[in-house]
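# A closer look at the structure
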Amino acid sequence: RQGHPVTRDAHPATLLARIAHDLRGPLMPLRTAAWLLRNEAGHGGRVGELADIVDRQSAQLARMLDELGDWGRCADGRMALDRVPVEAGLALDLALGALEGDIRIGCADGVEALPLRADRHRLGQLLRTLVEHAAVRAAGGPVEVDVARTTDGAQLQVRVRDRGPALDPDARAALLLRPQAVPFDQGLGLRLLMARHVAEAHGGTLEVAEGRDDGLCLLLTLPLAD
């Protein structure tokens, strides 16, 4: 799969139409709140509530636009990486330290000190996407993040497992190839595609791993620095 465009299994016109539809979602509450603020200025009790709607929906719209911008850079190869030396343990701490929920991180001996050359921002995006996706699927259950070195010693592997509902074969095959019809984060459904692209831009891979029948396991493999 490496090296192919992000949209290879999605018809561009269909994808753009769906994105336009999704971007309109936050606009209606914003327009309604703006109308009420203009026409109910004398009802001070609702101003705070309406301001909260404007703040919440505008933040969601900004996240969607950021996601769309990142996806556009992925699709045409314009996502530049600022790769610097970083230890695997530090990269995990920076990416996952602030996330809430039952996240169980297990590292094999010596893994935390393994060297990577990575763009810290993009690698953090990638790791957070995998764990946040698993947390939504787990619906409050545990998310397991297992970190180890490959048997040849040249790569780092990060397995992110959840115990959410099993996916049928078609859904598993499409998970990292097509935008999600029902995004896990109420966004545009592009974050897993971007995560795969970031992994490949670092010389690694992201794939759906075979494993137990329940839940889902995503396997990230990254080359270690020389």
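Read on for an overview of the structure. Treat the numbers as computed from the prediction; the structure is a model and nothing was measured.

Thresholds applied
Residues numbered from 1 in each chain as written. Predicted model: local features only at pLDDT ≥ 70, side-chain atom pairs only at ≥ 80, totals over all residues. Heavy atoms only, no water. Pairing = 2+ DSSP bridges. Helix = DSSP H or I, 4+ residues; strand = E, 2+ residues; numbered from the N terminus. 1 Å grid on protein atoms, 1.4 Å probe; cavity = no way out; pocket = protein on both sides within 12 Å on 5 of 7 lines; lining within 4 Å. Points joined across faces, edges and corners; volume = space filled by probe spheres on them. Salt bridge = Lys/Arg side-chain N within 4 Å of Asp/Glu carboxyl O. Buried < 20%, exposed > 50% of the residue type's maximum accessible area, 1.4 Å probe, protein only.

### Digging into the pairing of strand 4 (residues 143-149)
Here strand 2 (residues 103-107) runs beside strand 4; their pairing, made up of five bridges, is parallel. Bridge pairing in strand 4 places Arg-104 opposite Glu-144. The antiparallel pairing of strand 4 with strand 5 (residues 155-162) creates a hairpin that spans five residues between the two strands, and Gly-153 there sits at a positive phi of about 80°.

### What about empty space enclosed by the protein?
One pass over the full model with this rule turns up one cavity of 30 Å³ or more. Taken as a whole, the largest cavity encloses approximately 60 Å³ of empty space. As for the largest cavity, its lining consists of Ala-88, Ala-91, Leu-92, Leu-116, Leu-123, Leu-127, Val-147, Leu-156, Val-158, Leu-220 and Leu-222. With three residues, the single largest contributor to the lining of the largest cavity is helix 4 (residues 88-96).

### Regarding the pattern of salt bridges
Applying the stated rule across the entire model yields seven salt bridges. Between Arg-104 and Asp-102 there is a salt bridge, and its shortest N-O distance comes to 2.9 Å. Given a relative accessible area of 44%, Arg-104 falls into the partly exposed group. Judged by relative accessible area, which is 30%, Asp-102 ranks as partly exposed. A salt bridge links Arg-191 to Glu-132, with the nearest nitrogen and oxygen atoms 2.8 Å apart. A residue pair is termed long-range when its members are at least 10 positions apart, and Arg-191 in helix 7 (residues 191-201) and Glu-132 in helix 5 (residues 120-138) qualify at 59 residues. Look at Arg-191 and you get buried, because its relative accessible area is 19%.

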